[in-house]
Every structure is written in C-alpha cells, then in structure tokens.
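# Fold and geometry: a report
Chain by chain, the residues:
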Amino acid sequence: MSVYSSPSSRRTRSPGGRTRSRGARLTGTRVRDLIGAIAALEEARGAGALDLGDGAQLDVSNLDKPFFPKRGFTKGDLMAYYASVSPLLLPAVADRPLVMKRFPNGVGGESFYQQRAPEDPPADVRVEPVADEGLKTQRRLIGGDLATLLYVVQLGAISIDPWHSRVQSVGSADYAIVDLDPGPRSSFRRVVDVALWVGEELDRLGLHGMPKTSGASGIHIVLPLIAGTPNETARLVAELVATRVAEQHPRETTVTRWVQSRPSASVYVDFLQNIRGKTVASVYSARATPDATVSAPLRWSELTPALDPRAFTIESMAGRLREVGDLWRDGMRRLNDPRRLLGDA
C-alpha cells in the first residue's frame, strides 16, 4: 500500500485501498490524479477548482499558505496528505458528525472551534441536522466522502474530529475511548507505561483495544463495540477500565477531572470523552503541531520506550502504511460486547 510520498517533492504513489465516496470509487488512479491537481493549483496560483470525479468539484484557495512553518508544509501539502489517506480515513469517519477546530493561518495563528456547518456549503458537501447531548439540533458536516473531507481542510481545519456515533444512531457509540493525557511533568515514556497497563487490564476483562498515538503527546486506546451500544454504556466501559488502572497505579495515574487537582507528573486516564458529541482526533488525522504529526494506529508490540509519536507525520505516513497496512481496519473488526461486563447498563 502506498500513499502520498513527500509534501516537498510532490512525488505520488498509488494507494491500494479503496472506499466509496458519494457513489464514486476512490481508485488509486483517482487519488494520484487528485494529488497532482492539488500540487498544480498550488504551484500555479494557489486557488482553483478541484475535480473530485463524477461531476463533483470543490473550489479551493490559499493552497500555498504556510500551515506548518517549522517543516515548510503548506495548506496544499495538508490537503494532498488527506487526499492520499482518504481510502483509509473516509471509512473511519463515515456518517459521523464532525467538529472543526479551524486554523485559518496555520498552526502559528489563532484558532477557533466550529460545531455548526457553514451556511452555504458546496452542493457535494454533506450536511445534516444532528442533536447534541443537550438535544440542541444544529446543521453539521457529516464525514465519509471526499468532498466533505477536503472542504474541511479548505476551511482551515487541520485535524478531523468525528463523533463516536453515526448520524443514523446518535444515541449509540461504535467505540469507547480511553484517552491518556500526560501532565506537564510527565514523559511520553510514562504514557507508554500507562497504555501497557490499560492493555493488561483489558486482557483481564476479556476486552480488545486498539492503541493509536493521539498525534500530540498522548495515546488513545479504542475499544470497538457491538452495534447499538448506548453512549452511556460506552462511557461506563471506559470508566471501568480507567478506574481500575488508577487504583492499581495511584502514583502514576489519575482519573481526577480537575486539572488543578492532578499531580503534574501523572497521566490522566480520561474516560469522559465518551459523552455524546465529544470527539478525539480520528485515526490518520493530522494534528496542529509544529511537526505536522498524525494520529497513527499501533501494534501493541510497538508500545516500547523507543516509541516516538513525532515519527508519524504527514510526510512519513506513506512509508508507515507501506510497511504495516491499515492496522485500524483490522483492529476495529474485533467487537466487544459490554453486556458481558455491565449487564444491560
């Protein structure tokens, strides 16, 4: 499997994965052509219309704007990265409401969150009314197709942040997440230790989890769930795992919600990201870091002191995917049934 090779060189390779995009098949040829079109627009004038296939188009602009100054990557580089991993990313966010954190001037500029979809999105971008936890209905962008993915990037969003539920079943979660967030005096090596403790606890409970880097300083442990699992049940599963880890390792971990009350060298084992409407960065999502890091799925065997989350970037993920393939797809096929632990909670 190959994807976009290098933001600086513009070399492209043909990915072997494929998915559906509003009825259009994302073949390797289409992805390669799209990456070439993005590069051509950036080098010409930084703006223009992208042909997404099957009559779909997307107007883009400012592709030559620096988005990651430290690495020299532009908005066009970010858009080309997302085009390259779209055969893998789109299935992961299909039918999920998206929350945007927009960086109009890249990682060094001001940013803001946006829940509601823009008032007049392009015709090929998917927007649907969705009710949040407070039952307030808003028009939201819905993931899963190429036009919406690249439109989010056009708006200046760097990460792709989906709900854990789908628009057809917002009361149910497809997975639970244990989010490992290091304190200011905690090292990433300590985060790895805690992730391994989470893995040990999952084994004791007979659960399957999928680790991935957060793309920043943490690690996410994702627990795939059977269809129809209520959001509250997903939270209870994550809470059970988190509290058991914290009880066994009280000096190194905490489940204390308030930042001021947490030991600064501890790792926060967060189970509260499982409330309806909460998000974490999707697998294969870029992050707003100086190095343009990516949330990368991992094998459990890779959780060692040598693991460096900075190794996974929009430039290096091509080689990573050629080496390991789509770990996320394979890992998410093993579904957990929380009723075995919690009854009908």
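What this report covers is the structure whose coordinates are included nearby. Since we're looking at a predicted model, the values are computed, not measured. (Residues numbered from 1 in each chain as written. Predicted model: local features only at pLDDT ≥ 70, side-chain atom pairs only at ≥ 80, totals over all residues. Heavy atoms only, no water.)

### Focus: the sheet that holds strand E12 (residues 175-182)
For clarity, the threshold we go by: Any two strands are treated as partners once DSSP identifies two or more bridges connecting them. Numbering of helices and strands starts at the N terminus; helices are DSSP runs of H or I of at least 4 residues and strands are runs of E of at least 2. Contacts were defined at the residue level, with two residues in contact if any of their heavy atoms lie within 4.5 Å. Working convention: axes come from line fits to C-alpha atoms, limited for helices to the stretch in contact. Angles between N-to-C directions cover 0 to 180 degrees.
With mixed pairing, five strands are arranged side by side in an open sheet as E13-E14-E12-E16-E15. Each edge of the sheet is formed by a strand with only one pairing partner; in this case those strands are strand E13 (210-213) and strand E15 (253-254). Bridge analysis of E12 against strand E14 (residues 219-224) gives six bridges, and the strand direction is antiparallel. From the neighbouring strand, Ala-176 faces E14, where its bridge partner is Leu-223. Docked against the sheet, helix H4 (residues 188-205) engages E12, E14, E15 and strand E16 (267-270), running at close to 20 degrees with respect to E14. Of the strands in this sheet, E12, E14, E15 and E16 touch helix H5 (residues 231-248), which is tilted by about 35 degrees from E12.

### Focus on the packing of helix H2 (residues 75-93) against helix H3 (residues 146-154)
The condition is simple: Note on angle classes: values under 35 degrees are labelled roughly parallel, values over 145 roughly antiparallel, values of 65 to 115 roughly perpendicular, and the remainder oblique. If you view the pair so one helix is near and one far, a crossing is left-handed when the near helix is turned anticlockwise from the far one by less than a right angle, and right-handed when it is turned clockwise. Residues are sorted three ways: Asp, Glu, Lys and Arg are charged, Ala, Val, Leu, Ile, Met, Phe, Trp, Tyr, Cys and Pro are nonpolar, and all the rest, Gly among them, are polar.
Here H2 crosses H3 at 150 degrees, and the two axes come no closer than 10 Å. Judged on the interaxial angle alone, H3 and H2 are roughly antiparallel. In terms of crossing hand, the pair formed by H2 and H3 is right-handed. On H3, the residues touching Lys-75, Leu-78, Met-79, Tyr-82, Ala-83, Ser-86, Leu-89 and Leu-90 of H2 are Leu-146, Leu-149, Leu-150, Val-153 and Gln-154. Here the contact of H2 with H3 is built from residues that sort into 10 nonpolar, two polar and one charged.

### Let's talk about the environment of Arg-251
Looking at the element boundaries, Arg-251 is found in the loop between H5 and E15. In this structure, the C-alpha to C-alpha distance between Arg-251 and Val-267, residues 16 residues apart in sequence, is 9.4 Å.

### Let's talk about the sheet that holds strand E7 (residues 98-102)
Pairing within the open sheet is antiparallel, and its three strands lie in the order E8-E7-E11. Only two strands of the sheet have a single neighbouring strand rather than two, namely strand E8 (112-114) and strand E11 (161-162). Sheet topology note: the E7/E11 ladder contains two bridges and is antiparallel. Bridging across to E11, Val-99 finds its partner in Asp-161.

### Some remarks on the environment of Lys-278
Note the cut-off: Exposed residues in this analysis have more than 50% of their type's maximum accessible area, buried residues have under 20%, and partly exposed residues fall in between, with area computed by a 1.4 Å probe over protein chains only.
Positionally, Lys-278 belongs in the loop between E16 and helix H6 (317-324). Of the residues examined, Lys-278 reaches a relative accessible area of 37% and is grouped as partly exposed. Non-local contacts of Lys-278, meaning those with residues more than four positions away in its chain, are made with Pro-162, Trp-163, His-164, Leu-272 and Gln-273.

### Re helix H1 (residues 28-44)
Counted only if it meets this: For a helix, the expected span equals 1.5 Å multiplied by the number of residues minus one. The directions from the helix axis to the C-beta atoms are what the arc is built from.
For H1, with 17 residues, the first-to-last C-alpha span of 24 Å sits near the 24 Å given by 1.5 Å per residue. Inspection of H1 places Gly-28, Val-31, Leu-34, Ile-35, Ile-38, Ala-39, Leu-41 and Glu-42 among the buried residues, and these make up the whole buried set. Down the axis of H1, the buried set is contained in an arc of 165 degrees. They therefore lie on one face. H1 presents Glu-43 and Ala-44 as exposed residues on the side facing more than 90 degrees away from its buried surface. Considering only its buried residues, H1 is in contact with strand E3 (48-53), strand E4 (56-60), strand E6 (73-74), H2 and H3. Just downstream of H1 lies Gly-46, where phi reads positive at about 80 degrees.

### Here's the deal with the pattern of salt bridges
So the rule is basically this: For salt bridges, the criterion is a side-chain nitrogen of Lys or Arg within 4 Å of an Asp or Glu carboxyl oxygen.
If you walk through the whole model with that rule in mind, you get 15 salt bridges. Salt-bridge contacts for Arg-126 lead to Asp-95; the nearest nitrogen and oxygen are separated by 2.6 Å. Of this pair, Arg-126 sits in the loop between E8 and strand E9 (127-131) while Asp-95 sits in the loop between H2 and E7, and the two are 31 residues apart along the sequence. Accessibility classification places Arg-126 together with Asp-95 in one group, the buried group. Counted as one network, the salt bridges with shared partners bring together Asp-95, Arg-126 and Glu-128.

### Topic: the nonpolar core
Considering soluble globular proteins, one finds that nonpolar side chains tend to be buried as a cluster. Selection criterion: The definition of a nonpolar core used throughout is a set of buried Ala, Val, Leu, Ile, Met, Phe, Trp, Tyr and Cys residues joined through side-chain atoms within 4.5 Å.
With 93 residues, the main nonpolar core has Tyr-82, Leu-150 and Leu-180 as its most contacted residues. For this core, the element with the most residues is H2, which contributes 12 residues. If sequence neighbours within four positions are ignored, Tyr-82 has contacts with Leu-89, Leu-149, Leu-150, Val-153, Ile-158, Ser-159, Ile-160, Tyr-284, Ser-285 and Ala-286. Formed by six residues, the second largest nonpolar core is a distinct cluster that contains Val-130, Ile-142, Val-167 and Val-170.

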